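The lines below spell out each chain.
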Amino acid sequence: MADTHKPILLSGIQPSGHLCIGNYLGALKNWVNLQESHDSIFLVVDMHALTVRQNPAELRQRCLSYVAQYIACGIDPEKSTIVIQSHVPQHAELMWILSTLTYMGELNRMTQFKDKSKKHAANINAGLFTYPILMASDILLYQADLVPVGADQKQHLELARDLAIRFNSTYSDTFVVPEPCIPKTGARIMSLQEPEKKMSKSDDNLNNLIAILDSADIVKRKIKRAVTDSGSEVKMDKSRPGISNLVQLYSLITDLSVKEVESQYSGKMYSDFKTDLGNVIAEFLEPIQKKYNEISKDKDYLESVLAKGAENAFYRGRKTLSKVYRKVGFIQPAR
Ligand code: ATP
Ligand code: LTN
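So, a few notes on the structure that sits alongside this text. Predicted model, so just to flag it, every value in this text is computed and none were measured.

**Observations regarding the overall build of the protein chain**
Part 1 of the reasoning: Tallying secondary structure elements over the protein chain gives 13 helices and five strands in all.
Part 2 of the reasoning: Computed over its C-alpha atoms, the radius of gyration of the protein chain comes to 21 Å, within 12% of the 20 Å expected for a compact globule of 335 residues.
Part 3 of the reasoning: Structurally, the protein chain occupies a C-alpha span of about 75 × 45 × 40 Å along its principal axes.
Part 4 of the reasoning: Buried positions account for 52% of the 335 residues belonging to the protein chain.
Part 5 of the reasoning: Summarising the internal contacts of the protein chain: among those between residues at least 6 apart in sequence, 76% fall at separations of at least 24.

In structure tokens:
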């Protein structure tokens, strides 16, 4: 599985809320496209998810469901490594070392921390603040060359790069400095009801997102109710974020260019366009859901994928961590 000739790719998603079409178009779609050419590791970052209060039974169930959704969306466990973050203790261990190289000011600037602090004002925990260091450790632990993410993760990626450079210059060359891979289109899918903010899988209002597992009826209803600004033209227009987001969704799902979508619907009503968009998204999700339903019934299969993933990741994580411990001056334990 670990092909040393291929560049290493790493990414992850938090098992919080309902995996949504924003996550697919911003991240997962790229993962699937890149898995042939890269030695890929895909994480379900359960430790990150704990920065927001979780129900333990639901978290457990959701982790397995996310693994099944990764596979249903096209990640092939024969080609790529799928790992639950908490199965590999080196993530947290490397985080400690990296946290001694991270400045408070760097964390204070993070927009995700500011947004999440506003949303969870009663639970601004230290983990929420140090979240980007754990993410840097996810990436650096596997010496990743490439990290495919949506646009909202750019700032976190820059910290991971800075920490790699800082460690390398403080001690000696140890970490690969990772490159972000952010798609040209689809990197920021917007909320259906509040198109000035991004679609987010943990949104309390489920009408704001299309979940990968939403039934066809729900998809169609959510698209019908999506906010479309005043005006009637089906056209990309910065001053009309609602319709622009829907045109972009149509284009990404059908692989038609935005121009082609606009000309297909020129002179047509919003309502016709929305009916068609609901249909194309539902059709797109149907085979994914069918595959998901098959895989998620087979617990043994999912567990075998995770056991193989953890073994591979543990081996690689241990290799990097022992190098790091040596470089910082720790004594190896006597055997
Ligand atoms: P949450 O609401 O639970 O914080 P989220 O939807 O923001 O979650 P993450 O787990 O933070 O999702 O992100 C998983 C991946 O999906 C990341 O690569 C992120 O950049 C990408 N992503 C998240 N939201 C969008 C979006 N609206 N458009 C495109 N990509 C997105
Ligand atoms: N912080 C990311 C999820 C994440 C991640 C990673 C992405 C955790 N570790 C490593 C890429 C690489 C987010 O999307 N909120």
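**Details of the site of ligand 1**
Part 1 of the reasoning: Near ligand 1 lie 21 residues; those nearest to it are Lys-116, Asp-152, Lys-198, Ser-200 and Ser-202.
Part 2 of the reasoning: Separating an oxygen atom of ligand 1 from a side-chain N or O atom of Asn-23 is a distance of 3.1 Å.
Part 3 of the reasoning: Taking 610 Å² as the accessible area of ligand 1 by itself, protein coverage stands at 97%.
Part 4 of the reasoning: Per-element accounting of the shell around ligand 1 gives the leading share, four residues, to helix H1 (residues 21–34).
Part 5 of the reasoning: Along the lines of polarity and charge, the residues of the shell around ligand 1 split into six nonpolar, ten polar and five charged.

**Side note on the packing of helix H6 (residues 111–119) against helix H7 (residues 126–141)**
Part 1 of the reasoning: Closest axis-to-axis distance for the H6/H7 pair is 9 Å, and the angle between their directions is 160 degrees. If you check the angle between H6 and H7, you find them roughly antiparallel. In this structure, H6 meets H7 at a crossing whose hand is right-handed. Here Gln-112, Phe-113, Lys-116 and Ser-117 of H6 come into contact with H7, specifically with Leu-128, Phe-129 and Tyr-131.

**Details of the site of ligand 2**
Part 1 of the reasoning: Around ligand 2 lies a shell of 14 residues, among which Gly-12, Tyr-131, Met-135, Asp-138 and Gln-153 are the nearest.
Part 2 of the reasoning: One nitrogen or oxygen atom from the side chain of Tyr-131 is found 2.7 Å from a nitrogen atom belonging to ligand 2.
Part 3 of the reasoning: Asp-138 has a polar side-chain atom sitting 2.6 Å from a nitrogen atom of ligand 2.
Part 4 of the reasoning: Starting from 370 Å² of accessible surface for ligand 2 in isolation, the protein chains cover 92%.
Part 5 of the reasoning: At the level of elements, strand S1 (8–13) and H7 are the ones that each hand at least two residues to the shell around ligand 2.
Part 6 of the reasoning: When residues of the shell around ligand 2 are assigned to their parent elements, the largest contribution, four residues, is made by H7.
Part 7 of the reasoning: Residues that form the shell around ligand 2 fall into these classes: seven nonpolar, six polar and one charged.

**Notes on the nonpolar core**
General note: in soluble globular proteins, nonpolar side chains tend to be found buried as a group.
Part 1 of the reasoning: One finds Leu-28, Tyr-70, Phe-273, Leu-277 and Ile-281 to be the most contacted residues of the largest nonpolar core, which totals 61 residues.
Part 2 of the reasoning: Residues within four places of Leu-277 in sequence aside, it is in contact with Ile-223, Leu-246, Leu-249 and Tyr-250.

**Examining the pattern of salt bridges**
Part 1 of the reasoning: All chains considered together, the criterion is met by 14 salt bridges.
Part 2 of the reasoning: With a closest N to O distance of 2.9 Å, Glu-36 and Lys-79 form a salt bridge. Of the two residues, Glu-36 sits in the loop between H1 and strand S2 (39–44) while Lys-79 sits in the loop between helix H3 (56–72) and strand S3 (81–84), which places them 43 residues apart along the sequence.
Part 3 of the reasoning: Under the relative-accessibility criterion, Glu-36 is labelled partly exposed at 46%.

**Here's the deal with the packing of aromatic side chains**
Part 1 of the reasoning: Summed over the entire model, instances satisfying the criterion amount to ten aromatic pairs.
Part 2 of the reasoning: For the cation-ring pair, Lys-268 lies above Tyr-265, with the distance from its terminal atom to the ring centre recorded as 5.6 Å.

**Here's the deal with the pairing of S3**
Part 1 of the reasoning: Judged by which residues are buried, S3 turns out to be covered on both faces: Thr-81 and Val-83 on one side and Ile-82 and Ile-84 on the other are all buried.
Part 2 of the reasoning: Here S2 pairs with S3 via four bridges, running parallel. Residue pairing in the sheet places Leu-43 in a bridge with Val-83 of S3.

What counts, and where the lines are drawn
Residues numbered from 1 in each chain as written. Chains lettered and ligands numbered in written order. Predicted model: local features only at pLDDT ≥ 70, side-chain atom pairs only at ≥ 80, totals over all residues. Heavy atoms only, no water. Helix = DSSP H or I, 4+ residues; strand = E, 2+ residues; numbered from the N terminus. Rg over C-alpha atoms; globule rule 2.2 N^0.38 Å. Buried < 20%, exposed > 50% of the residue type's maximum accessible area, 1.4 Å probe, protein only. Contact = heavy atoms within 4.5 Å. Near = heavy atom within 4 Å. Polar contact = N/O pair within 3.5 Å; in protein donor to acceptor, adjacent residues only side chain to side chain. Areas by Shrake-Rupley, 256 points an atom, 1.4 Å probe, with all protein chains shown as cover. Nonpolar A, V, L, I, M, F, W, Y, C, P; charged D, E, K, R; others polar. Axes fitted to C-alpha atoms, helices over the stretch in contact; angles between N-to-C directions. Parallel < 35°, antiparallel > 145°, perpendicular 65-115°, else oblique. Left-handed = near helix turned anticlockwise from the far one by under 90°. Core = buried A, V, L, I, M, F, W, Y, C linked by side-chain atoms within 4.5 Å. Salt bridge = Lys/Arg side-chain N within 4 Å of Asp/Glu carboxyl O. Phe/Tyr/Trp six-rings, centres within 6.5 Å; stacked < 30°, edge-to-face > 60°. Lys NZ or Arg CZ within 6 Å of the ring centre and 35° of its normal. Pairing = 2+ DSSP bridges.

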